[in-house]
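Fold and contact review
What follows is the residue order along each chain.
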Amino acid sequence: MYDALTTSYTFSCPVHGETHVRLSRFRRLDQLPGAQHPSVFRVEFACGCGGEHAGLVSHDDLDWAPLGLGDETPFVNLMTSRLESTGVELTDVAAARIRAGEWPWSFFCWPEERPRPVFPSSFRLLEPSAAGDRVGLAVRCPVCGKVSVNLVSRAHLDVPFVNDREVGVVQHLFDEDAAATVAEFHEELWSAAFDARRLTLS
Ligand SMILES: [Zn+2]
Ligand SMILES: [Zn+2]
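Predicted model only: the values in this text are computed from it and were never measured.

Moving on, we get to the packing of aromatic side chains. Evaluated as defined, the whole model comprises eight aromatic pairs. Joined through ring pairs, the aromatic side chains of Tyr2, Tyr9, Phe11, Phe26 and Phe45 make up one cluster.

Set out below in structure tokens:
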């Protein structure tokens, strides 16, 4: 489902059969109702074929697979000639970095006026800028529950532990209703003034 080497998720595409999609090409995430464990998210993504499709991804795959957890892909260690799991290796690295105060993903919570660590399951809506180098991102804060919209680089989303030093923040309090948020997001995103905020978490 998630390939750590290309930092992409695998979905099916009606044209290509299978497609590899990085997080910055996600467009919308919705947690499916019900009590599945782990919970399941419906993801709409911009596919390499030019279309937009939807796919399902489990909470574990969404948040933890990029950090190596749950990834059983074996590889041959050329130093020891042993078959090892990339999962274990990446997990140790990820755990050590989180303990050192680095976070795989972060965003600036506008209502709280502070940066916060976050996981992809809190992302709601994404839209690339016209030039394609930046992505507008609506995040539901895991702490205060309010939606903030940040303007970030693609790497900020696609590569765990790569965080922009500064992000753009839309100065707008978004509605808590999901449908209203979608409308406001597209309305506010490229018309609003972005305020630059530092993302230093420590
Ligand atoms: Zn496609
Ligand atoms: Zn918050």
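Resuming the write-up.
Protein coordination at the zinc ion (ligand 1) comes from Cys13 (SG), Cys47 (SG), Cys49 (SG) and His53 (NE2), with a distance range of 2.1 to 2.3 Å. In this structure, the zinc ion (ligand 1) is coordinated by four donor atoms arranged in tetrahedral fashion, with angles at the metal of 102 to 118°. Counting gaps between the donor residues of the zinc ion (ligand 1) yields the pattern C-x33-C-x1-C-x3-H. Exposure remark for cysteine 47: the relative accessible area of 7% places this residue in the buried category. A relative accessible area of 30% means that cysteine 49 is categorised as partly exposed.

To continue, consider empty space enclosed by the protein. Scanning all chains against the criterion turns up one cavity of 30 Å³ or more. Lining the largest cavity are Tyr2, Thr7, Tyr9, Leu23, Pro66, Trp105, Leu157 and Asp158. In terms of residue class, the lining of the largest cavity is made up of six nonpolar, one polar and one charged.

Let us now look at the pattern of salt bridges. Across all of its chains, the model carries eight salt bridges by this definition. The closest approach of N and O atoms between aspartate 158 and arginine 22, which form a salt bridge, is 4.0 Å. Of this pair, aspartate 158 sits in helix H3 (residues 154–158) while arginine 22 sits in the loop between strand S3 (17–21) and strand S4 (26–31), and the two are 136 residues apart along the sequence. Judged by its relative accessible area of 5%, aspartate 158 is buried. Overall, arginine 22 belongs to the partly exposed group, its relative accessible area being 35%. Where glutamate 102 meets arginine 97, a salt bridge forms, and the shortest distance between an N and an O atom there is 2.9 Å. Glutamate 102 gets classed as partly exposed once you look at its relative accessible area, which sits at 32%. The class for arginine 97 is partly exposed, based on a relative accessible area of 30%. Linked through salt bridges whose partners overlap, the residues forming this network are Glu113, Asp195 and Arg197.

Cut-offs used in this document
- Residues numbered from 1 in each chain as written.
- Chains lettered and ligands numbered in written order.
- Predicted model: local features only at pLDDT ≥ 70, side-chain atom pairs only at ≥ 80, totals over all residues.
- Heavy atoms only, no water.
- Phe/Tyr/Trp six-rings, centres within 6.5 Å; stacked < 30°, edge-to-face > 60°.
- Donors = N, O, S within 2.8 Å, 3.2 Å for Na, K, Ca; no water.
- Tetrahedral: all angles 85-135°; square planar, octahedral: opposite > 155°, others 65-115°.
- Buried < 20%, exposed > 50% of the residue type's maximum accessible area, 1.4 Å probe, protein only.
- 1 Å grid on protein atoms, 1.4 Å probe; cavity = no way out; pocket = protein on both sides within 12 Å on 5 of 7 lines; lining within 4 Å.
- Points joined across faces, edges and corners; volume = space filled by probe spheres on them.
- Nonpolar A, V, L, I, M, F, W, Y, C, P; charged D, E, K, R; others polar.
- Salt bridge = Lys/Arg side-chain N within 4 Å of Asp/Glu carboxyl O.
- Helix = DSSP H or I, 4+ residues; strand = E, 2+ residues; numbered from the N terminus.

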